[in-house]
Amino acid sequence: MTVKTVIKTSEYHDSVTLMLVAKELTKLPGVQDAAVVMGTDSNKAILDQSGLLTAEAKKATPNDLVIAVKSDGDVDAALAEADTLLAKKQTADSGMEFRPKTVRGAVKGMNDANVAIISIAGRYAADEAWECLKRGLHVLLFSDNVSVEDEVALKKFARDHGLLLMGPGAGTAILNGAALAFANVIPAGPVGIVSAAGTGLQETSTLLGKNGVGITQGIGTGGRDLKKEIGGIMFIEAIKALQDDPDTKVILLVSKPPAPEMAKMVYDQVLKSKKPTVVCLLGGDPKSVVVAPHVYPVTTLEEAGLLAAKLGGAKISDPKDVIAHETVEIKDLAKTLKPKLKADQKYLRGLFSGGTLCYESQVIWRDEYGLEVLSNAPLDHKYDLKDSNKSEKNCCVDLGEEEFTVGRPHPMIDNDLRIRRLLLEAKDPSVAAIMFDVVIGYGAHPDPAAELGDAVRKARELAAKDGREIIFISSVTGTEGDPQGLTRTTQTLKSAGVNVCNSNAAASRLVALMVTR
Amino acid sequence: MSPKINDLFGKPINVVNVGLASMAQPMRDQNIPVVDVDWQPPKEGIVRLHMTKSGVDIDAANAEVCKRIKAARPVLVGMGKAKDVIPGYHDHLILHAGPPITWERMCGPQRAAVIGALVYEGMAKDENEAENMAASGKVEFAPCHHYHSVGPMAGVISPSMPVFIIENKAFGNKAFCTQNEGLGKVLRYGGLGPDVYARLKWMETELYPTLNRALESIPDGIDIKALISQALHMGDECHNRNRAATSLFLRAIGPALARTNKDNEVLAKVIEFIDKNDHFFLNLSMPAGKAALEPAEGVEGSTILTVMARNGTDFGIRMAGMPDKWFTAPAGMVQGLYFPGFSEEDANPDIGDSTITETAGYGGFAMAAAPAIVKFVGGAPSDAIASTMEMYEITFDEHDGFSIPSLNFRGTPLGIDVRKVMETGILPKINTGISHKKPGVGGIGAGILRAPESCFRDAFEAFRKTC
C-alpha cells in the first residue's frame, strides 16, 4: 500500500469538480482511497482521518490543490489520471462564452441581474455577498460557515436597502415563479411563504401544489435567522414584504420553534396585517401562540400546507378532518402490514435527506405517539444519538447534517450514503420499518426513486434471506411539474415495494404504527 | 422612496451564479438567464480596501479620477522643438521612456536611441563618442513622464526634436510627444545608422515645418479624442493598430496642409510619409492619453493608475493617490509575432511609454474593437472580446467617450484599479511593439504581454500602509 500526494500550487477548482475527480480516481484498479481537495485546514483534517495526510500535503496552503491517492496498484498512473480529469473539465469550459471572474464583471455584463446565488466556501462567502448586495442584488446564500457577525451585518444592510439576504445555509427559494437552488415547480397563486427551514418550504409548497394551489413567493431565510443572535431580521422583512404584496392573499410562515421572544416578535408582525396567516412553528410551545381571527397556528408541515391550501381556495375539507381521514386509512394499511413483522422487529429507523422533514417526523412521533426516538438532530438533547453512524433503538438520522456533508455531496444530490445506510439497517434483525424521504424538484438528484428503489429491493432480499420482512415507508416531496415527476417517482418507489404516503407527516404516522401497539 | 423587497416582485429573475455550476443548471432548465462567475478565491493576504487610513472613501476618490479622465478633451494645438516648448527642458537633457534609469542599467535599444539622438543633435560626432558621452554623466537622463511627455519604445526625446503639443482643453494642461518615424530600423526601436539620422533630420526640417504651418492655420486645433473615438469604430485600438486613425488625421489636416503648402513635392513626400506609416497616429494617441491622465494625478486616496511605462529594463506604474512614487518590477518578455528573420531569441524585454493608452482606457484594453489584429491574442475575434472583457474586471469605470461596436457600443474599460488587480490576480494586458535587444538593429515585431505582478503588489502595500 502506497500513499502519494501531488501539490499543485495556486490551482483552484470548485469542490464539486474535485469530488467528481476523486470519485473517478477511486474507481481505478488498486486505488483504496483518493482525495482531491484544496489545502485548507479542514480538508487537511479530513486527509488525516483517511491516512492521506503526507508530509507534503501538510505543507499545502489553502490556495494549493492537493491530490492524494492510497493504492496497492500503480499510484503514479492514478495521479496522472487526476491531471487528465481536471484538464478535461477545463477544456469543456473553454468553448464557452466569456465567463466573468468577479461579481462586478458579471453585473456589468448583465445589466438587469437581480438575484445572486452564492455557493462558494463559507470563509469567502460573506465578502461576495457584500459585493452582490452593494450592487443591488438579492442574495441566496447557500454557503454555510458564515459567522454570526457577518450574517447580522449583511442582513442589516440588506434590510436597509430593500434586499433579500436569504441564508447562510439557504437552499430553497421560489421568487416570481423561478425555483432557485433546491425547489419545486409550483404554480402561481395566492399564498406567500416565508420559511426558516429549507425542506420545510419544499414540503409545504408541494403540499399546496398537490392541492392545486399556487404561491406568490417562497422566501427562505436560512435556519439561523430566527435565532436570538440574528434576531429574525430577514424573517420579519420577508413577512412585511408579503403583507404589502397585493398578490399575496394568504401568508404561510414556517420555522423550527424559536426562542419565546423571537416567536413573540413574529406574532407581533403578523398582527400588523389582517391577511390570513398560517404560523407553523414546528412542535413549538403552544403557550407562545397568539390568538387572533386571522392567525392560524399549526404544529406540522402537513397541517400548515393543507390549511394554507384551503385558505388559498383549495376545495378540501377542514385540514384536521383531512388528516383524521388520512390517519384512518393509514391505520387500515398498518393492520395489513404489521402481521408481516416478527416479534423482535420492534424499532423504526428514519433516514432523512431533509432536515426539516426529520424534525417534523420527530414532532409527530413525540406528540402523537409518545415515542422516544433518538437522533443526530434531536428535538431535545436527551435524545441524542451517541454515534451518528450507528443506529440504536428507535432512531432517525438527518444525513444532510454537516457531519455527513463535509467533502461529500448532499444526500438530495447523491444517494450513495443513504443507500449504504439503508442496507446496513436492513441487516439489523430488530428493525421493523425504515422510513426515508424523497425530495425531488430542481437541484435534486435526477432520479432518486430509481436508485433508492433498487436499494430497497436489495435490502428486502437481504432480509428475506434471513427470513424477515422489513416495511419500507416513504413520501415524495415534489409536484407533477418537477423534472422527475411526482407520479413517476411514486410509481418507481411503489414498484420496489415501498409504501408511499401523501406527506412526510403521513409517512411518519405509518412508521410509528409499525412500532407501537 | 427607499427601495423595498417588493420592488423585486413580478419582475423577471436574472441570476448571477457564484460558485457551483450545478446551482446554475436549474436556472437554465427553467430558461432563466444566468451568468456564471468563474470565481477564484482572493489571493492570500489581500484585504479589501474601502477607506484610506486618513478616512478617504477610495471608491469616491477613484470615481473622481475617472470623471477627470473622461472629461479630458485632448486637442493637437501645435508643434515646437522639445527645448522650446517642454517646460523645464535644457540643452543636456535627454528624455527616455519608462521609469527612471541610469545609463548602466539601460537596455540595448534604449542606449542605442540615446547614442543616436546625441549624434543626430551633433552633440557627438559619431556613435563611439556618443556612447562615451552618455556614460560620462555629462548628459542628464529623465523619464518623459517627468516632463509631461511620452515616448514610444525607447522613447528618446532630445532638444531639437520637434514635438506635438496636445492641450487638454478641459483642464488646460499640455502633453508632448515626438513625430512617429515608422517601423523597422528607426531610432525609437534602437535602430542606428545614416538612414536613421537622415530620416530624423528630414522630419525636423521638412515634415515638422509643413505640419506646423498647417496646424497654425487651424485655430481650434485637431480634436484627438474625437479621432480616437472614431478610429475605435474603424478597427483601431490606437496602440498596436493606428491605421484608421492615421487616415482620419490626414483627412483632418489635409485641407490645411494644402492651403499652407509652399512646395508640392515636399507636400507629396509628407503625405506619402504619413500614408506609409500606419503608426503615425500613435504619437498623437499617446500624448492624448498623457494629457487626459495628468489632471487625475494627486487625487487623494485613489488607487487608479495614471502611468504605466517601461524602459526595457523596468516596468513602472504610478497611482493617482501617490502621484510621485514609481513602483517598478523587471520588464517582461513579449509574446510576439516577428518580422521574417527574427525570433523571440532576439527580443528585448518590454519597452516604451505607449502603455499610456491602456492606462487611459484604450490600446490593448479596447482589443475587442480591433478584429484585424486578433492574431496577437489568439486568432479569433472572440479572443479579442474575451481579452477586453477580462479588463473590465480590473478597471473602475467605463469610458463614455470611447466605445466598442462589437460589445454593443459598451464603453471601453477605464481606470486600472490596483485594488482590483490584486483582488482578482488579473494583470493588465498590454499591446506593444518589440525591439531587438542589440543596439542598432531596430524593431522586429509586435505582440502582447501582461504587466508584472510585483509592482502592483508593492503599490497596493504602500498605499495600504501610508495612505
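One can find the structure itself at the top, above this paragraph.
Here's what I pulled together on the structure shown here. Since we're looking at a predicted model, the values are computed, not measured.

Focus on the interface of chain B and chain A
Inference 1: Contacts between chain B and chain A engage 49 residues on the former and 56 residues on the latter.
Inference 2: Summed over the shared surface of chain B and chain A, the result is five salt bridges.
Inference 3: For the salt bridge of A:K101 with B:E390, the shortest nitrogen-to-oxygen distance reads 3.6 Å.
Inference 4: Taken together, the connections running from chain B to chain A amount to 23 residue pairs in polar contact (both at pLDDT 80 or more).
Inference 5: Elements represented by at least two residues in the side of chain B that touches chain A include exactly β1 (15-18), α1 (25-29), β2 (34-37), α12 (381-392), β14 (395-404) and α13 (418-424) of chain B.
Inference 6: Taken together, the residues of the side of chain B that touches chain A sort by class into 25 nonpolar, 10 polar and 14 charged.
Inference 7: In this structure, strand β4 (residues 115-118) of chain A lies alongside β1(B), joined through four bridges in parallel fashion. Each residue of the ladder has a partner; that of A:V115, found in β1(B), is B:V15.

Section: helix α4 (residues 108-121) of chain B
Residues and elements named next belong to chain B.
Inference 1: Spanning 14 residues, α4 covers 20 Å between terminal C-alpha atoms, matching the ideal 20 Å at 1.5 Å per step.
Inference 2: Most of α4 sits out of view: 13 of its 14 residues are buried.
Inference 3: Phi turns positive one or two residues past the end of α4, at G122, with a value near 80°.

Re a negative patch on the surface
Inference 1: Together, A:D144, A:D387, A:E401, A:E402 and A:E403 line one region of the surface with negative charge.
Inference 2: Examined against the element boundaries, A:E402 turns out to sit in helix α14 (residues 402-405).

So, the environment of B:V266
Residues and elements named next belong to chain B.
Inference 1: Note on placement: V266 falls in helix α9 (residues 264-275).
Inference 2: Along the sequence, V266 and K185 sit 81 residues apart, while their C-alpha atoms lie 23 Å from each other.
Inference 3: Excluding its chain neighbours within four sequence positions, the residues that come into contact with V266 are E206 and T210.

Section: the packing of aromatic side chains
Residues and elements named next belong to chain B.
Inference 1: Within the structure shown, the criterion is met by nine aromatic pairs over all chains.
Inference 2: An aromatic cluster is defined as three or more aromatic residues linked by ring pairs; in this entry it consists of F164, W202, F249, F273 and F280.
Inference 3: Cation over ring: K325 sits above F327, and NZ or CZ is 5.5 Å from the ring centre.

A short note on the sheet that holds strand β11 (residues 322-330) of chain B
Residues and elements named next belong to chain B.
Inference 1: On the basis of which strands lie adjacent, the open sheet formed by four strands has the order β11-β10-β9-β13 and antiparallel pairing. Edge positions in the sheet fall to β11 and β13 (351-352), since each of these pairs with one other strand and no more.
Inference 2: Alignment of strand β10 (residues 314-319) against β11, held across five bridges, turns out to be antiparallel. Counted as the bridge partner of D314 is P330 from β11.
Inference 3: Packing against the sheet, helix α14 (residues 453-466) makes contact with β9 (305-311), β10 and β11, and its axis sits at approximately 145° to β11.

Definitions and cut-offs
- Residues numbered from 1 in each chain as written.
- Chains lettered and ligands numbered in written order.
- Predicted model: local features only at pLDDT ≥ 70, side-chain atom pairs only at ≥ 80, totals over all residues.
- Heavy atoms only, no water.
- Contact = heavy atoms within 4.5 Å.
- Salt bridge = Lys/Arg side-chain N within 4 Å of Asp/Glu carboxyl O.
- Polar contact = N/O pair within 3.5 Å; in protein donor to acceptor, adjacent residues only side chain to side chain.
- Helix = DSSP H or I, 4+ residues; strand = E, 2+ residues; numbered from the N terminus.
- Nonpolar A, V, L, I, M, F, W, Y, C, P; charged D, E, K, R; others polar.
- Pairing = 2+ DSSP bridges.
- Expected span 1.5 Å × (residues − 1).
- Buried < 20%, exposed > 50% of the residue type's maximum accessible area, 1.4 Å probe, protein only.
- Patch = residues over 30% accessible without salt bridge, like charges linked within 9 Å, V, L, I, M, F, W, Y side chains within 5 Å.
- Areas by Shrake-Rupley, 256 points an atom, 1.4 Å probe, with all protein chains shown as cover.
- Lys, Arg positive; Asp, Glu negative; His and termini not counted.
- Charge placed at Lys NZ, Arg CZ, Asp CG, Glu CD.
- Phe/Tyr/Trp six-rings, centres within 6.5 Å; stacked < 30°, edge-to-face > 60°.
- Lys NZ or Arg CZ within 6 Å of the ring centre and 35° of its normal.
- Axes fitted to C-alpha atoms, helices over the stretch in contact; angles between N-to-C directions.

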